[in-house]
Amino acid sequence: MSGHDTNTEMSQRYGVDRDAVKPRGSRRRGRGEELQVPEAEFRSYYGRPIIKAPVWKNPDVPLYLFLGGLAATSSGLGALGGATGRPTLRRTGRLAAAGGAIGGTVFLVHDLHRPSRFHHMLRVFKPTSPLSVGTWILSPFATFAAATVAAELVEPVVRRRSSGLARLLRRAGDASGAASAVIGPALGTYTAVLFSNTAVPTWHEAHRVLPVVFAGSAAAAGGGMGLVGASVRDNEPAARLAVAGAAVELVAGEYMERSLGLLGDVYHKGRAGTLMKASKACLAAGAVGTLLGRKKRWSAALSGLALMAGSALTRFGVFDAGIASANDPAHIVVPQRERLRQRQSTNETTQAPPDRAFA
C-alpha cells in the first residue's frame with residue numbers, strides 16, 4: 001500500500017482533515033521540514049459530552065427559579081406593607097408571594113413528571129442534599145403564603161358580619177405572612193446552592209457568587225412587582241428594594257462572568273449571551289426608570305415590568321449557560337489540566353496518597 005493510500009485511510013479512520021492542518025509557528029525539524037500539527041481542539045469520544053448535562057426541562061426550571069425569587073421577596077414586602085400601614089403594598093406582596101409559590105410548585109412538579117415524586121421528597125429530610133432542603137423550604141413557605149393571602153381575601157367579607165372574627169383573621173394573616181417572610185431569603189437563594197452542587201463547570205465554579213446573583217435577581221423581581229401593583233403612595237419600599245436588587249445583580253453578575261475566566265465564555269455567546277445582554281438592559285432601564293419616575297403611576301409600572309423581565313431573563317440565561325458549559329469538553333479538560341499543573345508546581349504529586357501507598 002502506498003504512503004498516500006495509508007494517509008488517506010488514516011484520515012478517514014480518525015476524522016482528520018489533512019487540508020485543514022496548518023503549520024503552527026515557524027519551527028522547523030530536520031532539513032528545513034516544517035512541523036505541521038493541527039490546532040488543539042478539545043473533543044470527546046464519538047463527539048459526546050464528557051459529562052451528562054442536567055435533564056431539567058426548559059422553561060419549567062427557569063420559570064420555577066424566577067417565580068421562587070419573586071415570591072421570596074414579595075412576602076417580605078407584604079409583611080412590611082402590613083406593618084407600616086401600606087395596604088396596596090401589603091396586598092400586592094401577599095398575592096405575589098402566594099401566586100409565585102403556587103406557580104413555582106406547579107412548574108417543579110411538571111419537571112418531575114409525576115406529583116408523587118414531590119411528595120416522596122417530603123418523606124425524608126436530608127441536610128446534605130440541596131434538593132431535599134429546598135423541598136422542605138418551598139413546602140412551608142407555600143403553605144404560609146397561601147394562608148396569608150386567604151386571610152387577606154376573606155377578611156373584608158367577614159368584616160361585614162363579625163368585626164371580632166375579622167380581627168382574628170387579620171392577626172392570623174399577619175402571623176403567617178411574617179412566617180413566610182422569614183423563610184423567604186432561603187427560598188430565594190437555595191436554588192443557587194442547588195445549581196452549584198452539580199458537576200456543571202460554570203455553575204460549580206461560581207458557587208460563591210451565584211447565590212448573590214440570585215438574591216439580587218429575587219429582590220429586583222419582588223420590587224418590580226411591588227411597583228406594578230402598589231399605589232404611588234405605598235411603593236417607596238418596593239422602589240428601594242428593586243433598585244438595590246438590580247444593582248446587586250448587575251455588579252455580582254459582571255464579577256461572576258469575569259472571575260470564571262474561560263468558563264465564563266458561555267455568558268457571551270449563543271442564546272445565553274443574548275439573554276444576559278437583554279437582562280442587563282432591562283435591569284438598567286428599570287432601575288433608572290424607578291429612580292426618575294417612581295411617583296408617576298405609569299412610569300412605576302413600566303419600570304417594575306422591566307425589572308421583572310430582567311430578573312426572568314437572568315434565570316433563563318444562567319440555565320442556558322450551564323447547559324452549554326456541560327456540553328463543552330474544553331470546560332472540563334482545561335480546568336482539570338490547570339489544577340494538575342498547580343499540584344505539580346507545589347510538589348503535591350511527589351507523594352503517593354495514603355490509599356495508594358505500598359508497603
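Residues numbered from 1 in each chain as written. Predicted model: local features only at pLDDT ≥ 70, side-chain atom pairs only at ≥ 80, totals over all residues. Heavy atoms only, no water.

## Thoughts on the overall build of the protein chain
(1) Moving on: The number of helices and strands found in the protein chain is 12 helices and two strands.
(2) Moving on: With 359 residues in all, the protein chain has 43% of them scored as buried.
(3) Moving on: Put simply, of all contacts in the protein chain between residues at least 6 apart along the chain, 73% involve residues at least 24 apart.
(4) Moving on: Of the roughly 20000 Å² of accessible surface on the protein chain, a fraction of 59% belongs to carbon and sulfur atoms. (Helix = DSSP H or I, 4+ residues; strand = E, 2+ residues; numbered from the N terminus. Buried < 20%, exposed > 50% of the residue type's maximum accessible area, 1.4 Å probe, protein only. Contact = heavy atoms within 4.5 Å. Areas by Shrake-Rupley, 256 points an atom, 1.4 Å probe, with all protein chains shown as cover.)

## Considerations on the packing of helix α2 (residues 60–83) against helix α3 (residues 87–111)
(1) Moving on: Following both chains from N to C, one finds α2 and α3 inclined at 155 degrees, their axes separated by 7 Å at the closest point. As the angle between them shows, α2 and α3 are arranged roughly antiparallel. Helix-helix and strand crossings are classified by hand; for α2 and α3 the assignment is left-handed.
(2) Moving on: Of the residues belonging to the contact of α2 with α3, the class tally is 12 nonpolar, 10 polar and four charged. (Axes fitted to C-alpha atoms, helices over the stretch in contact; angles between N-to-C directions. Parallel < 35°, antiparallel > 145°, perpendicular 65-115°, else oblique. Left-handed = near helix turned anticlockwise from the far one by under 90°. Nonpolar A, V, L, I, M, F, W, Y, C, P; charged D, E, K, R; others polar.)

## Observations concerning the packing of aromatic side chains
(1) Moving on: Here the structure, examined in full by the defined rule, presents five aromatic pairs.
(2) Moving on: Ring centres 6.0 Å apart and planes at 20 degrees place the aromatic pair W56 and W203 in the stacked group. With W56 in the loop between β2 (33–36) and α2 and W203 in helix α7 (residues 201–204), the pair connects residues that are 147 residues apart, well separated along the chain.
(3) Moving on: The exposure class assigned to W56 is partly exposed, which follows from its relative accessible area of 25%.
(4) Moving on: On the accessibility criterion, W203 (0% relative accessible area) is buried.
(5) Moving on: One aromatic cluster in this structure is built from W56, F195, W203, F214 and F319.
(6) Moving on: A cation sits over an aromatic face here: R315 above F214, 4.4 Å from the ring centre. (Phe/Tyr/Trp six-rings, centres within 6.5 Å; stacked < 30°, edge-to-face > 60°. Lys NZ or Arg CZ within 6 Å of the ring centre and 35° of its normal.)

## Re the nonpolar core
Looking at soluble globular proteins, one finds that nonpolar side chains tend to be buried together.
(1) Moving on: Judged by nonpolar contacts, the single largest core of 46 residues is most densely connected at F141, F195, L210, M256 and Y267.
(2) Moving on: With residues up to four places along the chain from it excluded, the contact list for M256 reads A206, V209, L210, V213 and Y267.
(3) Moving on: Counting nine residues, the second largest nonpolar core, distinct from the first, contains L227, A239, A246 and L307. (Core = buried A, V, L, I, M, F, W, Y, C linked by side-chain atoms within 4.5 Å.)

## What to know about the packing of helix α10 (residues 270–293) against helix α11 (residues 297–326)
(1) Moving on: Where α10 contacts α11, the two axes come as close as 7 Å, and the packing angle between them is 155 degrees. The orientation of α10 with respect to α11, classified from their angle, is roughly antiparallel. For the element pair α10 and α11, the recorded crossing hand is left-handed.
(2) Moving on: Partitioning the contact of α10 with α11 into residue classes produces 15 nonpolar, 11 polar and two charged.

## Looking at α10
Given 3.6 residues per turn, any residue in an α-helix points the same way as the ones three and four places further on.
(1) Moving on: Under the 1.5 Å per step criterion, the end-to-end length of α10 is 34 Å for 24 residues, consistent within 8% with the ideal 34 Å.
(2) Moving on: The set of residues buried in α10 consists of A272, G273, L275, M276, S279, L283, G286, A287, G289, T290 and G293.
(3) Moving on: In the core, the buried residues of α10 are packed alongside α8 (210–229), α9 (236–259) and α11. (Expected span 1.5 Å × (residues − 1).)

## Looking at the pattern of salt bridges
(1) Moving on: This structure, assessed with the given rule, holds 13 salt bridges.
(2) Moving on: The closest approach of N and O atoms between R271 and D320, which form a salt bridge, is 2.6 Å. Within this pair, whereas R271 is found in helix α10, its partner D320 is found in helix α11, the two being separated by 49 residues in sequence. (Salt bridge = Lys/Arg side-chain N within 4 Å of Asp/Glu carboxyl O.)

## Things to note about the side chain of S299
(1) Moving on: Within the element layout of this structure, S299 appears in helix α11.
(2) Moving on: Residue S299 is classed as buried on the basis of its relative accessible area of 10%.
(3) Moving on: For S299, the contacting residues outside a window of four places in its chain are G289 and G293.

## Description of α8
(1) Moving on: In a regular helix each residue adds 1.5 Å, so 20 residues correspond to 28 Å; α8 covers 29 Å between its end C-alpha atoms and thus fits that length.
(2) Moving on: Of all 20 residues in α8, 14 are buried, a share of seventy percent or more.

## Looking at the confidence of the model for the protein chain
(1) Moving on: Residues with a pLDDT of 70 or more make up 83% of the protein chain, whose mean pLDDT is 85.
(2) Moving on: Counted against residues more than four places away or in other chains, residues 6–30, with its pLDDT under 50, gives 25 contacts. (pLDDT = per-residue confidence, 0-100.)

## Observations concerning a nonpolar patch on the surface
(1) Moving on: A grouping of L95, L153 and V154 is seen on the molecular surface, where their side chains present a nonpolar patch of about 230 Å² in accessible area.
(2) Moving on: Relative to the elements of secondary structure, L95 occurs in helix α3.
(3) Moving on: For L95, a relative accessible area of 38% translates into the label partly exposed. (Patch = residues over 30% accessible without salt bridge, like charges linked within 9 Å, V, L, I, M, F, W, Y side chains within 5 Å.)

## Structural notes on unusual backbone geometry
(1) Moving on: Residue N58 is joined to P59 through a cis peptide bond whose omega torsion reads 20 degrees.
(2) Moving on: Turning to its location among the elements, P59 is positioned in the loop between β2 and α2.

## What to know about the environment of T198
(1) Moving on: Relative to the assigned elements, T198 resides in the loop between α6 (163–196) and α7.
(2) Moving on: Sequence separation between T198 and P54 is 144 residues; the distance between their C-alpha atoms is 8.6 Å.
(3) Moving on: In this structure, T198 is in contact with W56, W203 and H204, ignoring residues within four places of it in sequence.
(4) Moving on: A distance of 2.7 Å separates a polar side-chain atom of T198 from the backbone oxygen of F195. (Polar contact = N/O pair within 3.5 Å; in protein donor to acceptor, adjacent residues only side chain to side chain.)

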